[in-house]
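# A look at the structure
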Amino acid sequence: MSMTFNAAVDRYLRAKSLARGTRDEYHSTVRKWELWGGGVPIEAVQRKHVREFLDWVYERAVADHGTNPGRTVNKAREHVRAVLSWAWEQE
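Everything numeric in this text was worked out from a predicted model, so none of it was measured.

This paragraph deals with the environment of Tyr12. Along the chain, Tyr12 falls in helix H1 (residues 5–15). In this structure the C-alpha to C-alpha distance between Tyr12 and Trp36, which are 24 residues apart in sequence, comes to 21 Å. Excluding its chain neighbours within four sequence positions, the residues that come into contact with Tyr12 are Leu18, Tyr26, Ala82, Val83 and Trp86.

Structure (structure tokens):
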């Protein structure tokens, strides 16, 4: 059964006790993933997809004149890694 990144994040957040602000940050990453066009089911996500997504997040943060694009990318990387690791463990 294939699962979208958005669905995986929803399940991940239901399984974890995270602060409201942290949950909002995960949803922000989901919005970025969807804007990027990450229609790949999580079972098919490869390193190249994550790398392309993170490059896109960085470029977008720079274009939007973000004050710290590196931090933006690091947060997105943290969220993607946490959700994918959790989802793969859950099968």
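What follows deals with the packing of aromatic side chains. Tallied over the entire structure, the rule returns 7 aromatic pairs. Ring geometry for Tyr12 against Tyr26: centres 5.4 Å apart, planes inclined by 40°, an arrangement best described as tilted. Here Tyr12 is found in helix H1, whereas its partner Tyr26 is found in helix H2 (residues 20–36), with 14 residues between them in sequence. Residue Tyr12 is classed as buried on the basis of its relative accessible area of 8%. With relative accessibility at 5%, the residue Tyr26 sits in the buried group. Ring pairs connect the aromatic residues Phe5, Trp33, Trp36, Phe53 and Trp56, which therefore count as one cluster.

What counts, and where the lines are drawn
Residues numbered from 1 in each chain as written. Predicted model: local features only at pLDDT ≥ 70, side-chain atom pairs only at ≥ 80, totals over all residues. Heavy atoms only, no water. Helix = DSSP H or I, 4+ residues; strand = E, 2+ residues; numbered from the N terminus. Contact = heavy atoms within 4.5 Å. Phe/Tyr/Trp six-rings, centres within 6.5 Å; stacked < 30°, edge-to-face > 60°. Buried < 20%, exposed > 50% of the residue type's maximum accessible area, 1.4 Å probe, protein only.

Read these as layout, nothing more, since geometry by itself doesn't imply function.
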